[in-house]
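The chain contents come next:
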Amino acid sequence: MHRSLPIWPILLLLLLSASAAASSRLASLHVTDVGDTARIVIEFNRLPVYRMLELDSPPRLVVDFQDTRPAAAGPVIAAHSALITKVRHAPRGGSGYRLVFDLASPVGKAYSVRPRPRRSNRMVITVRHPPGLGRKPAAAPKSRAPQGAPREAVIVIDPGHGGKDPGAIGARGTREKDIALAVSKRLSEAINRDYGMSARLTRASDRFVSLRERVEFAHRHRADLFISIHADAAPSAEVHGASVYVLSAKRASTEAARLLARRENAADLIGGVGLRDKNETLASILIDLSQTATMDRSAELAAVLLRGFSDITKSRSVESAGFAVLKSPDTPSVLVELGYISNRKEEARLNDVRWQRRLAAALLTGIRRYFADYAAPGLLLAQVKVTGYTVVRGDTLSAIALKFRVDAEEIKRVSGLSSDRIRIGQKLKVPVRKK
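Undergrad: Go over the overall build of the protein with me, naming the residues and quoting the values.
TA: Check the secondary structure of the protein and you find eleven helices and 18 strands. Residue burial in the protein is summarised as follows: out of 435 residues, 44% are buried. Of the roughly 22,800 Å² of accessible surface on the protein, 53% is carried by carbon and sulfur atoms.

Undergrad: Talk me through the sheet that holds strand β3 (residues 50-55); I want residue IDs and the actual numbers.
TA: With antiparallel pairing, four strands are arranged side by side in an open sheet as β3-β4-β8-β7. Taken across any chain shown, the strands that pair with only one partner, and hence form the sheet edges, are β3 and β7 (84-92). Geometrically, the sheet is characterised by an average inter-axis angle of 15 degrees between neighbouring strands, direction not taken into account. Alignment of β7 against strand β8 (residues 96-103), held across eight bridges, turns out to be antiparallel. Residue Ala90 lies in a different strand from β8, and its bridge partner there is Arg98.

Undergrad: Report on unusual backbone geometry, specifying residues and quantitative values.
TA: The backbone of His161 sits at a positive phi, close to 60 degrees, despite the residue not being glycine. Checked against the element boundaries, His161 lands in the loop between β11 (153-159) and α3 (176-193). With a relative accessible area of 18%, His161 lands in the buried category. Despite not being glycine, Arg405 has its phi angle at roughly 60 degrees, a positive value. Since its relative accessible area comes to 79%, Arg405 is described here as exposed.

Undergrad: Help me get a handle on helix α4 (residues 211-220), residues and values and all.
TA: All of the buried residues in α4 are Arg214, Val215, Phe217 and Ala218. Looking straight down α4, one finds its buried side chains confined to an arc of 155 degrees; they lie on one side. Where α4 is buried, its residues contact β11, β12 (197-201) and β13 (225-232). Positive phi appears at Arg222, one or two residues downstream of α4, with a value of about 50 degrees.

Undergrad: For the nonpolar core, give the residues involved together with the corresponding values.
TA: Counting residues in hydrophobic clusters, the biggest one holds 47 residues, and the most contacted among them are Phe309, Val336, Leu338 and Phe371. Among the elements that make up this core, the one with the highest residue count is helix α8 (residues 353-374) (nine residues). Counting residues in hydrophobic clusters, the runner-up holds 22 residues, among them Leu26, Leu29, Leu61 and Leu99.

Undergrad: Could you give me a rundown of the packing of aromatic side chains, with the residues and numbers involved?
TA: Scanning all chains against the criterion turns up four aromatic pairs. Ring centres of Phe44 and Phe65 lie 5.2 Å apart, and the angle between their planes is 65 degrees; this geometry places the pair in the edge-to-face category. Placement of the pair is Phe44 in strand β2 (residues 37-44) and Phe65 in strand β4 (residues 60-65), with a sequence separation of 21 residues. Each member of the pair, Phe44 as well as Phe65, is classed as buried. With 5.4 Å between their ring centres and 80 degrees between their planes, Tyr370 and Phe371 make a pair best called edge-to-face. Here Phe371 falls in the buried class, since its relative accessible area comes to 3%. Ring-pair connections join several aromatic residues into one group, and the members of that group are Tyr370, Phe371 and Tyr374. Taking the ring centre of Phe208 as reference, the NZ or CZ of Lys164 above it sits at 4.7 Å.

Undergrad: Go over the pattern of salt bridges with me, naming the residues and quoting the values.
TA: All told, the structure shown has twelve salt bridges when counted by the stated rule. Among the ionic pairs, Lys177 bridges to Asp206, the shortest N-O distance being 3.1 Å. In this pair, Lys177 is assigned in helix α3 and Asp206 in the loop between β12 and α4, connecting sequence segments 29 residues apart. Residue Arg349 pairs with Glu346 through a salt bridge whose shortest N-O separation is 3.5 Å. One end of the pair, Arg349, and the other, Glu346, are both in helix α7 (residues 344-350), three residues apart, so they sit about a helical turn from each other. A relative accessible area of 3% means that Glu346 is categorised as buried.

Undergrad: A description of the packing of helix α10 (residues 397-404) against helix α11 (residues 408-415) should follow, citing residues and the corresponding values.
TA: When two helices pack together, their arrangement is given by the angle between their axes and by how far apart the axes lie. For the pair α10 and α11, the least separation of the axes is 8 Å and the interaxial angle reads 105 degrees. Here α10 lies roughly perpendicular to α11, going by the angle between them. Contacts between α10 and α11 involve Leu397, Ile400 and Ala401 from the first element and Ala408, Ile411 and Lys412 from the second.

Undergrad: An account of the pairing of β2 is needed here, citing residue identities and associated values.
TA: Counting buried positions over the eight residues of β2 gives six, a clear majority of the element. As defined by bridge partners, β2 adjoins strand β10 (residues 122-128) across seven bridges and the pair is classed as antiparallel. In the strand pairing of β10, Thr37 is matched with Arg128.

Undergrad: Before we move on, could you go through the side chain of Ser188 and cite the residues and values that matter?
TA: For Ser188, the location among the structural elements is in helix α3. The buried category is assigned to Ser188, whose relative accessible area is 8%. What Ser188 contacts, discounting residues up to four positions off in sequence, is Ala199 and Leu201.

Quick notes on the rules
- Residues numbered from 1 in each chain as written.
- Predicted model: local features only at pLDDT ≥ 70, side-chain atom pairs only at ≥ 80, totals over all residues.
- Heavy atoms only, no water.
- Helix = DSSP H or I, 4+ residues; strand = E, 2+ residues; numbered from the N terminus.
- Buried < 20%, exposed > 50% of the residue type's maximum accessible area, 1.4 Å probe, protein only.
- Areas by Shrake-Rupley, 256 points an atom, 1.4 Å probe, with all protein chains shown as cover.
- Pairing = 2+ DSSP bridges.
- Axes fitted to C-alpha atoms, helices over the stretch in contact; angles between N-to-C directions.
- Arc of directions from axis to C-beta.
- Contact = heavy atoms within 4.5 Å.
- Core = buried A, V, L, I, M, F, W, Y, C linked by side-chain atoms within 4.5 Å.
- Phe/Tyr/Trp six-rings, centres within 6.5 Å; stacked < 30°, edge-to-face > 60°.
- Lys NZ or Arg CZ within 6 Å of the ring centre and 35° of its normal.
- Salt bridge = Lys/Arg side-chain N within 4 Å of Asp/Glu carboxyl O.
- Parallel < 35°, antiparallel > 145°, perpendicular 65-115°, else oblique.

Next up, the structure:
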């Protein structure tokens, strides 16, 4: 006998198909300069509902789309503009999508959206150049240059545990807190000897510091980076190698909600922008943008630190977790596990002074690599790079300084020289101004 099929699965399939079809797909985005304006053309399969907002410090134009996803292969993005220096894009919430246009200078409300034809799938945003900027790319950095003399990058080094909290205990009785402090001190000394950087320790002795105090310490010292140092432990004594952790997205979302709830008292927590006078929508956007940028930079820092470790030990991976010390919304932060203290061989190495120095040197290499790409405009490292030079016959320190157009005292400081005497074959570090 013929039996009819139930109709509800078919209806559910039709509803799901209709929902998928209703989502807008962002296919392409092109930015070009046309006269004294920047023209942004965004193509969709169907136009979505959107919201636009212009932000300062740094200047950005933010566009949030509802129920929008990128095309299957990702949106095609091309940007050639003196005013729009960078385009960033990412999913927003459950079904939204966000575009962020980094601007060379504030434009105020000098942007507009062309009235859309009824059947068009194209959105055109026009951003007017401020007077005097024109189309000269060289003018953009000048408009964004910070006031005052360039400063050293501040790296806060956080030795994990301490005092009543010993951390993990090794097979031979080694305490994690002691290893963390020893390596942190060596890293701090190496950073302070290097050019353009200055280190701060959240603890310089065996004392207990709460997780909240560690984060607040970084804010108080206006840290450019926060690196928490630990030694891992595992049930298996065979596990070994270094790992680097960044904040998980779930913990970041929780912290964003906390900051939003406390915005009346959360001034200067996101890149120097207070939330006290912002409404809930704007405060939420500011926190979200700050956290997204910070998490991206944290991931970059974690990757270069692991690359530095790979030359001397097994580097495991970049992982994410809900560590409380990583939740600063405006400071790139990572937690470094130097090795597994539960592994007897690795425990012995972690106690070795020479190995501690090698770990500190590997971390310093990663920090240098990070600042080579991501030094903020107000830092010395954004304007000066350190290059190597090998002394040859006839060289004097003053002649080398003249050749590179730098101060001889700077060469001495960066190279760790106690006098002006140099020898043939000696390797020096010379801080050279970037062009």
